[in-house]
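As a plain string of letters, each chain reads:
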Amino acid sequence: MGCKQLDAFGLYRLGSIKKGKVDKDTEGTNLGFSGCCGTNSSKRKISKDQHYNTGEDKKVIGREMESTLKALRDGESVLDLSPRSTVSGGVEDIYGEDRATEDQLVTPWIFSVASGYSLLRDPQYNKGLSFTEKERDAHYLRGLLPPTVSTQQLQEKKLMNSIRQYQVPLQKYVAMMDLQERNERLFYKLLIDNVEELLPVVYTPTVGEACQKYGSIFRRPQGLYISLKEKGKILEVLKNWPERSIQVIVVTDGERILGLGDLGCQGMGIPVGKLALYTALGGVRPSACLPITIDVGTNNEKLLNDEFYIGLRQRRATGQEYYDLMHEFMTAVKQNYGEKVLVQFEDFANHNAFELLAKYGTTHLVFNDDIQGTASVVLAGVVAALKLIGGTLPEHTFLFLGAGEAGTGIAELIALEMSKQTKAPIEESRKKIWLVDSKGLIVSSRKNSLQHFKKPWAHEHEPVNSLLEAVKVIKPTVLIGSSGVGRTFTKEVVEAMTSNNDKPLILALSNPTSQSECTAEEAYQWSEGRAIFASGSPFDPVEYKGKVYASGQANNAYIFPGFGLGLVISGAIRVHDDMLLAASESLAKQVSEENYKNGLIYPPFSNIRRISANIAANVAAKAYELGLATRLPRPQNLVKCAESCMYTPVYRNYR
């Protein structure tokens, strides 16, 4: 059986007024801190000693696989839940706002009953011309709107016609952001119903250009800006955010935005875009999502000299000053929102990304999309591609161009899956994976000069200086690009891959499109139509010798919305590597025979909500298995549970 919707209680009652604002009412989903999926809100604290008590727990620990991050933690696992990691705080859904059903009438509380101009200017409740005659009288809207009463479907049709008139992608982006700021539900309705068309607009590649020009197009704050000026009072800053029941935070410090480098405070476009997808693709309600930018300065001279730049005009803080600010932030987040709030790191530079993930992985519910999300979506594509290229995962040889957080994260997850299949130590699995960085092939003779996250990939081999030479001597069956440098998969490189393999698997993952290692057209033409190709940014279908080739997109949006939903519905308190493998496994299984016939190794985005529900169920199941879930009892049907918890953007009827 699936989840049962529970009746709301106290729905029309005034909430506790804080800073002149009353708790808002239901949003048509039950993703709250209590009552989700028909479970209770009982909290379960697990000490390290308790966790080792049962025989089953010992088996789980025994099955755990080593990872680079575990090495950085001196062997500490995310399953080692210690009392020092527990911080009190968090909120309860005492007004039942997360448990109302779609057909219930709601009152839009803001200061009192929202009415007139205040209602039309609140994006969470505004319906524009869709307010009925009765609602216009009840909420003092008579005369403030033209006489026509429209449907949401007609509004959607009108806006899509308008957006399609724009020729420049950035204009479409600005139009969508304007819509989000005035009518939240209509924004998500458009995005869900036209996901394949609008995903490249609100996410990569257009979001990259939006970040570069964020200072010029900035209109209204869409998240929290925490800078060095707020040091010592970050908890107070978090309390300034109007929503209390936060379940997902996406945070960036703007140092490595996509493949565009340091964009400082203007990196806010990334958390805003990611959280829009959390709602549209994963069903997490908008008010439970919080975008945050940590501003410690920028080393981008162009921005420092730009009169329209909106961030701190100073060089980037580093070292102890940086980590002290981040530690205050992470502590404040848990104090304010509780143990189960997910903090997703986005676009941090390599030297900070691994450090933060390793440091807080055992004390907080944290996830790095660049390291773990990318790894999970690429592993899913590789597993799915095996039906086209043949063989098992351990039988293939992998060569990466790029050894940063994305490249090493993907490599590690592939090695973990190999180790799981062969039951061999992960060190053996790593030997099938080779990485090339800016100095050439990573080999053991370079070990002393390598960053810590590259060292596991330093194998015994003569030095190799170029990617082309590495392809020729390593003879990989799979070539993966995560370098952030465009046009590095040259004609010679693709031809060398093709000469070694009947069907080479080529993944050009760098974003945005201008940074892609090669285009779909180049991959198909240079391989004479034999390559199985996928990229990070979307490419149009390619016609080669009378045959049309549709390439897949290895987009993190396949993974992180469903992954986060799975953590929320299970009440997970830590992220474990096995959860990433579970997400990959679920995504790979959803590639249909028809997709394979078209050369695709990813399912279409048109089914993304169903895909996310299945991923969420798989991730939640793994959380329960590992003893990391706190929402008890476990629902019998996790897929139905995930589906029933998803936010839906249809208009509500106001009383």
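Residues numbered from 1 in each chain as written. Predicted model: local features only at pLDDT ≥ 70, side-chain atom pairs only at ≥ 80, totals over all residues. Heavy atoms only, no water.

Named according to an unreviewed UniProt entry, the protein is Malic enzyme originating from Glycine soja.

Trainee: What am I meant to see in the overall build of the protein here?
Mentor: From N to C terminus, the protein includes 27 helices and 14 strands. Counting every position in the protein, which comprises 655 residues, the buried fraction comes to 62%. Counted over contacts in the protein with a minimum sequence separation of 6, partners at least 24 positions apart contribute 75%. (Helix = DSSP H or I, 4+ residues; strand = E, 2+ residues; numbered from the N terminus. Buried < 20%, exposed > 50% of the residue type's maximum accessible area, 1.4 Å probe, protein only. Contact = heavy atoms within 4.5 Å.)

Trainee: What exactly am I supposed to notice about the UniProt feature "binding site: (S)-malate" (unreviewed entry) in the protein here?
Mentor: If you check UniProt for "binding site: (S)-malate" (unreviewed entry), the listed places come out as Arg256, Asn511 and Asn555 in our numbering. Along the polypeptide, Arg256 turns up in the loop between strand S2 (248-252) and helix H13 (269-282). A distance of 2.9 Å separates a polar side-chain atom of Arg256 from the backbone oxygen of Leu258. For Asn555, a relative accessible area of 2% translates into the label buried. The contacts of Asn555, once residues within four sequence positions are left out, are Leu199, Tyr203, Thr204, Val377, Gly536 and Phe605. (UniProt positions renumbered as here; feature names shortened; annotations may be inferred. Polar contact = N/O pair within 3.5 Å; in protein donor to acceptor, adjacent residues only side chain to side chain.)

Trainee: For this particular structure, what's the right way to read unusual backbone geometry?
Mentor: Note: most peptide bonds trans; most residues except glycine with negative phi. Note that the residue after Thr204, namely Pro205, is joined by a cis bond; omega there is 10°. The topology assignment puts Pro205 in the loop between helix H9 (195-202) and helix H10 (206-212). Note that the residue after Leu632, namely Pro633, is joined by a cis bond; omega there is 0°. Structurally, Pro633 is set in the loop between helix H26 (608-626) and helix H27 (638-645). A positive phi is found at Lys423, a non-glycine position, where the angle reads about 60°. Relative to the elements of secondary structure, Lys423 occurs in the loop between helix H18 (405-422) and helix H19 (426-430). Looking at Lys423, the relative accessible area reads 74%, which means it is exposed. Here the phi dihedral of Lys475 falls at roughly 55°; this positive angle occurs in a residue that is not glycine. With a relative accessible area of 49%, Lys475 lands in the partly exposed category.

Trainee: Which parts of the structure should I look at to understand the side chain of Asn501?
Mentor: Assignment of secondary structure puts Asn501 in the loop between helix H21 (491-500) and strand S10 (505-508). In this structure the side chain of Asn501 is engaged in a polar contact, spanning 3.0 Å, whose partner is the backbone oxygen of Pro476. Not counting residues within four places of it along the chain, the set of residues in contact with Asn501 comprises Pro476, Thr477 and Arg530.

Trainee: Quick question: what am I supposed to make of H18 here?
Mentor: Quick reminder: α-helices carry 3.6 residues per turn. Residues three or four places apart thus point the same way. With 18 residues, H18 should reach 26 Å at 1.5 Å per residue; the first-to-last C-alpha distance of 26 Å fits that figure. For H18, the buried fraction is high: 15 of the 18 residues fall into the buried class. Downstream of H18 by one or two residues, Lys423 has phi in the positive range, about 60°. (Expected span 1.5 Å × (residues − 1).)

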